[in-house]
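One-letter residues, chain by chain:
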Amino acid sequence: MTVATQAAPAAIQEQEMLISGSEAIAEALTLADIDVVTAYPIRPYDTVMQAIAKKISGGKLVAEYIVAEGEHSQFEIVKHASTVGARVFCGSSGVGWAYAMECLVVTPALRVPMVAMVGNRALDDPGAFGVEHNDALFVRDLGWLLCWIDSSQEALDTTLIAYRVAEDRRIFLPIAISADGAFLTHSQAITKVPSKSLVDKFLPPYHRGDLQLHPDNPITVAPQVNEDWVIEIRRQNNAATERAYTVIEEAYADFRRVFGRGPENPWFEEYMTEDAEIILMGMGTLSLPVKVAIRKMREDGKKVGLIRLRWFRPFPYEQLARALRKARAIGVIDRDYSFGSPFGSGVVATEVRAALYNAEHRPPLIGFICGLGGREVTLEDVYKTAEICYSAAKAGKTERATYWLGVRE
Amino acid sequence: MAEIATFSNATQVLEPFKGVKKVTIEEYFSSGHRTCQGCESALVMKLMVKAAGPRTIVLGSTGCMYVANTTYYSTPWVVPWMHTQLGSSGSAALGTAAGLKALMKKGKMKAEPINVIAFCGDGGGADMGLGAISATLTHKEYNSLILLYDNESYANTDIQLSGSTPYGAHTTFSPPGKARRIMHTRWKKNTAGMLAAGHPECRYVATVCASYAVEMMNKVRKALSIGGPTFIHSLDPCPKGWDYDPMLSHELGELAIECGIFPLYEVEEGVVKYYGKTKAIVDGRPRKPVREYLLKQGRFAHFIEEDLEYFQGKVDEMWTKWELPGVACFKKDGARAVAG
């Protein structure tokens, strides 16, 4: 279904559509006029590839659609297509993403601005289709820029922003957009789909410049450098990641200018944090139950707020330290695990703790591991986190640093 | 963006060199590499890209021809070159060709036929990357050549056996010892034959040996001209891995063919054509005994008579029992009965 939207200022130039997160990404890819895309089936991300296939067969998009024989090839094929100047898209889920790991390692090192979708899924074994964030988090140390989204609209918008950021010559790094399996990949919502002419005002063509592999530019790419040069090259990658703080903020600002919507703060969404005593944190679609629970708790006079992290790499540690400075206690809900980590916390809790280490105000921080394997994060779970956070706030310290919630005993 | 109506996906027309004196002078694989003395694979690189010409992109998967060739600041590649992962020669060829095709088709890049060649060693090609090569050979709409330089071991990492190492060879993973003289008991994988047999729409598969340089270059030119994905398997004697005097590289290549161990052929549009001394063998000329080849190499120095006989027997089978001699190991009906 499509109806004209009333929204200003780009009213005429956007249509509303009822589409899933995966379909929203496919709309964005069509608008971005991608050149090469590689598919391989694994739930739940593969819905995006099905949507792109329909775009191509329906004549909405001209692109090479290659069905690979495994995720390793899937990612290698687009990596190479990108080096000759093609705008590319790829994606995977769970162990599929793991199967591509070698290629995920080299992609940022080669400064390939691929955009990938991770339909977050629990890793094997045992089998589970449901969401966990450990898959995308594999690559957190490698130069991939990582973000999490929680709605179809954010899926579409972030995909356009991702190409803009990744292909910025100051960056030239791949970006993985994480969408919670089932909760977002398969759930439909009304989404504003902009016109191509509007998108063209925001997203310039991809130019690889002097890094383009072409007979007119006979370069040798990725020779053996050994100890002579590796550390300098790693530092260049690190510098690009640091520049991403600026480039991402520029991109969001420009997005707001062109489309007349989008968040002021790219890094995280703040929900009722203004006066919050307790700030809960997390990534992805758990924002929905947490927001509902917060509204209920507010009715009972409990001042609880949410920070939903969008960008995990680069990690907005300074912005977070500022946003968390008034909280009396922080509860981080991880939809991931990190066995043997400090305090046994999940990955996000560990990162937030590290981000606050040098902060003036360090409220008690409690990690919660919840909703693994696609289990629902319930309102009861969220009430529990707030309750534990309130106790810690009163005591001024944490009794336990990490809790597993919603687990059958 | 719409498709450009005039885009044709054509390949370059590379006519065969009519004799060694007609071969072009220009080199596109030049000084700057650090391969061993007598390295046949370095010669294969040089001939491969000489045959292809300047409008070529070369992708190289991990292996000797990556590590020894492209030390930073001293690349020998005159044409654009890029590393790809060990098992990725197929994907590199496919991705590069698809990227070029998409950009040209959509008018984002000037349309012209650009050769895409991805090379791999036997470890990268016959072992780890076989699946990706197989996949690429089914994508008939992308023009590329995958060249496997087979020096019959993981020669860059200290000579470990691969699926392409001959039976019984001494490698660092198969050292002959008192308890076990033969550690490597597997027969060499028939990579070219398998790829030709398994990919009905792949228009060209060939075997080559740089001992026969003009033939080798002409097969590369045909592979690049014919269109779609193609595959060439090159047997490359390796002084370090095979343990022989570097001056014997060419001679060993010739012997491998004369003994019938490595047949020279092409499969063009499904039609098998034998070349040179292999053709003579198929026509009935006697093969040289394999011992003439094996005993010139240190990697077979531990062989006793029994091992030589076993090896000879297996090679004999290729010519007497295979339905397509030297190419495909389907046996003739009578042969199966004989084999019991």
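Residues numbered from 1 in each chain as written. Chains lettered and ligands numbered in written order. Predicted model: local features only at pLDDT ≥ 70, side-chain atom pairs only at ≥ 80, totals over all residues.

Brief notes about the overall build of chain B
From N to C terminus, chain B includes 13 helices and ten strands. Rg of the C-alpha trace for chain B: 20 Å, near the compact-globule value of 20 Å for 340 residues, within the 12% margin. Seen through its C-alpha atoms, chain B measures out along the principal axes to roughly 65 × 50 × 40 Å. In chain B, which comprises 340 residues, the share counted as buried stands at 53%. Within chain B, counting contacts between residues at least 6 apart in sequence, those at least 24 apart form 70% of the total. (Helix = DSSP H or I, 4+ residues; strand = E, 2+ residues; numbered from the N terminus. Rg over C-alpha atoms; globule rule 2.2 N^0.38 Å. Buried ≥ 20, exposed ≤ 12 C-beta atoms within 10 Å, placed from the backbone. Contact = placed C-beta atoms within 7 Å.)

Some remarks on the domain arrangement of chain A
All names here are of chain A. When its domains are assigned, chain A resolves into domain 1 (2-259) and domain 2 (268-404). A C-alpha centroid distance of 28 Å is found between domain 1 and domain 2. Taken together, the 27 residues of domain 1 in the interface contact 19 residues of domain 2. For the side of domain 1 that touches domain 2, the elements supplying multiple residues, two or more each, are α6 (134-137), β7 (145-149), β8 (175-180) and α9 (226-259). Of the residues contributing to the side of domain 1 that touches domain 2, the split by class is 16 nonpolar, seven polar and four charged. (Domains from an automatic or database assignment. Nonpolar A, V, L, I, M, F, W, Y, C, P; charged D, E, K, R; others polar.)

Some remarks on the confidence of the model for chain A
On average, residues of chain A score 96 in pLDDT, and 97% of them reach the 70 mark or higher. Every residue in residues 1-6 of chain A is under pLDDT 50, and counting partners more than four places away or in other chains gives 13 contacts. (pLDDT = per-residue confidence, 0-100.)

Topic: the sheet that holds strand β5 (residues 204-208) of chain B
Whenever strands of a sheet pair, they do so through backbone hydrogen bonds, lying parallel or antiparallel. One open sheet holds the nine strands; their spatial order is β10(A)-β2(B)-β1(B)-β3(B)-β4(B)-β6(B)-β5(B)-β7(B)-β8(B), and the pairing between them is mixed. At either end of the open sheet lies a strand with only one pairing partner, and these are β10 (220-221) of chain A together with β8 (271-274) of chain B. Pairing between β10 of chain A and strand β2 (residues 81-84) of chain B: two bridges, direction parallel. Residue pairing across strands places Thr220 of chain A opposite Trp81 of chain B, the latter belonging to β2 of chain B. (Pairing = 2+ DSSP bridges.)

Focus: the sheet that holds strand β14 (residues 311-313) of chain A
Residues and elements named next belong to chain A. What the seven strands build is an open sheet, ordered β4-β3-β5-β6-β8-β7-β14; its pairing is mixed. The sheet is open, and its two edges are formed by β4 (64-67) and β14, each paired on a single side. The mean inter-strand angle of the sheet, taken between neighbouring strand axes irrespective of direction, is 20°. With six bridges joining them, strand β6 (residues 115-120) and β8 adopt parallel strand pairing. Within β8, the residue paired with Asn120 across the bridge is Asp180. Lying over the sheet, helix α7 (residues 152-166) contacts β6, β7 and β8, oriented at roughly 170° with respect to β8. (Axes fitted to C-alpha atoms, helices over the stretch in contact; angles between N-to-C directions.)

Observations concerning the nonpolar core
Val88, Val165 and Met281 of chain A together with Met48, Val220 and Ala256 of chain B are the most contacted members of the largest nonpolar core, which totals 226 residues. Two domains each put at least three residues into this core: domain 1 (2-259) and domain 2 (268-404) of chain A. The contact partners of Val220 of chain B, leaving out residues within four places of it in the chain, are Met48, Ala51, Ala52, Leu145 and Ile232 of chain B. (Core = buried A, V, L, I, M, F, W, Y, C linked by C-beta atoms within 7 Å.)

Considering the confidence of the model for chain B
Of the residues in chain B, 98% reach a pLDDT of 70 or more, and the chain-wide mean stands at 96. Reported for the predicted complex are a pTM of 0.96 and an ipTM of 0.96.

Overview of unusual backbone geometry
If a residue is not glycine, its phi is most likely negative; likewise, a peptide bond is most likely trans. Cis geometry marks the peptide bond from Asp125 of chain A to Pro126 of chain A, where omega comes out at -10°. Along the chain, Pro126 of chain A falls in the loop between β6 and α6. Of note, the phi angle at Phe172 of chain A is positive, near 45°, even though the residue is not glycine. Its location among the elements puts Phe172 of chain A in the loop between α7 and β8. The backbone of Ile159 of chain B sits at a positive phi, close to 65°, despite the residue not being glycine. Considering the arrangement of structural elements, one finds Ile159 of chain B in the loop between β4 (144-150) and α6 (191-198). Taking the number of C-beta atoms within 10 Å as the measure of exposure, Ile159 of chain B has 23 and is therefore buried.

A short note on the interface of chain A and chain B
Facing the 40 residues of chain A at the interface are 43 residues of chain B. Broken down by element, the side of chain A that touches chain B gets its largest block of residues, ten residues, from helix α3 (residues 71-83) of chain A.

Considering the packing of helix α1 (residues 21-31) of chain A against helix α2 (residues 46-57) of chain A
Residue and element names in this part refer to chain A. Remark: α1 packs on α2, axes separated minimally by 8 Å, with the N-to-C direction vectors making an angle of 45°. By the angle between their directions, the pair α1 and α2 is classed as oblique. Considering the relative orientation of α1 and α2, their crossing is right-handed. Here α1 contributes Ser22, Glu23, Ile25, Ala26, Leu29 and Thr30 to the contact with α2, which in turn contributes Thr47, Val48, Ala51, Ile52 and Lys55. In terms of residue class, the contact of α1 with α2 is made up of six nonpolar, three polar and two charged. (Parallel < 35°, antiparallel > 145°, perpendicular 65-115°, else oblique. Left-handed = near helix turned anticlockwise from the far one by under 90°.)

Section: the packing of helix α10 (residues 287-299) of chain A against helix α13 (residues 379-395) of chain A
All names here are of chain A. Their axes nearest at 9 Å, the elements α10 and α13 cross at an angle of 60°. It follows that α10 is oblique to α13 by the angle criterion. The hand of the α10/α13 crossing is right-handed. Judged by residue contacts, Pro289, Val290, Val292, Ala293, Lys296 and Met297 of α10 engage Leu379, Val382, Tyr383 and Ala386 from α13.

Thoughts on the pairing of strand β3 (residues 115-121) of chain B
Residue and element names in this part refer to chain B. Summarising burial for β3: seven of the seven residues are buried, a large majority. The side-chain alternation of β3 yields two buried faces, one formed by Asn115, Ile117, Phe119 and Gly121 and the other by Val116, Ala118 and Cys120. As paired elements, strand β1 (residues 56-61) and β3 share five bridges and run parallel to each other. By the bridge assignment, Val58 is partnered in β3 with Ile117. Looking at chain direction, β3 and β4 are connected through five bridges and run parallel. Paired with Cys120 across the strands is Leu148, a residue of β4.

Digging into helix α3 (residues 89-105) of chain B
Residues and elements named next belong to chain B. With 17 residues, α3 extends 24 Å between its outermost C-alpha atoms, agreeing within 8% with the 24 Å of an ideal straight helix rising 1.5 Å per residue. Counting buried positions along α3 yields 16 of 17 residues, so the element is predominantly enclosed. Just downstream of α3 lies Gly107, where phi reads positive at about 75°. (Expected span 1.5 Å × (residues − 1).)

Considerations on the environment of Ala155 of chain A
Residue and element names in this part refer to chain A. Position of Ala155 among the secondary structure elements: in helix α7. Residue class for Ala155 comes out buried when judged on the 28 C-beta atoms lying within 10 Å of it. A sequence separation of 132 residues divides Ala155 from Glu23, and the C-alpha atoms of the two residues are 9.0 Å apart. In this structure, Ala155 is in contact with Gly21, Ala24, Ile25, Ile149, Ala179 and Leu184, ignoring residues within four places of it in sequence.

Points about the environment of Ala28 of chain A
Of note, Ala28 of chain A is situated in helix α1. Overall, the presence of 27 C-beta atoms within 10 Å leaves Ala28 of chain A in the buried class.

As for the pairing of strand β7 (residues 265-268) of chain B
Residue and element names in this part refer to chain B. Note that β5 and β7 share three bridges and pair antiparallel. Note that in β7 the partner of Ala206 across the bridge is Glu266. The pairing of β7 with β8 spans four bridges and is antiparallel. Paired with Val267 across the strands is Val272, a residue of β8.

As for helix α5 (residues 101-109) of chain A
Within an α-helix, residues lying three or four positions from one another point in the same direction, as the helix has 3.6 residues per turn. Residue and element names in this part refer to chain A. Restricting attention to buried positions, one finds in α5 the residues Cys103, Leu104, Thr107 and Pro108. Buried positions in α5, seen along its axis, are confined to an arc of 125° and lie on one side of it. In this structure, the buried side of α5 is in contact with α3 and α9. Looking one or two places after α5, you find Arg111, whose phi comes out positive at around 60°. (Arc of directions from axis to C-beta.)

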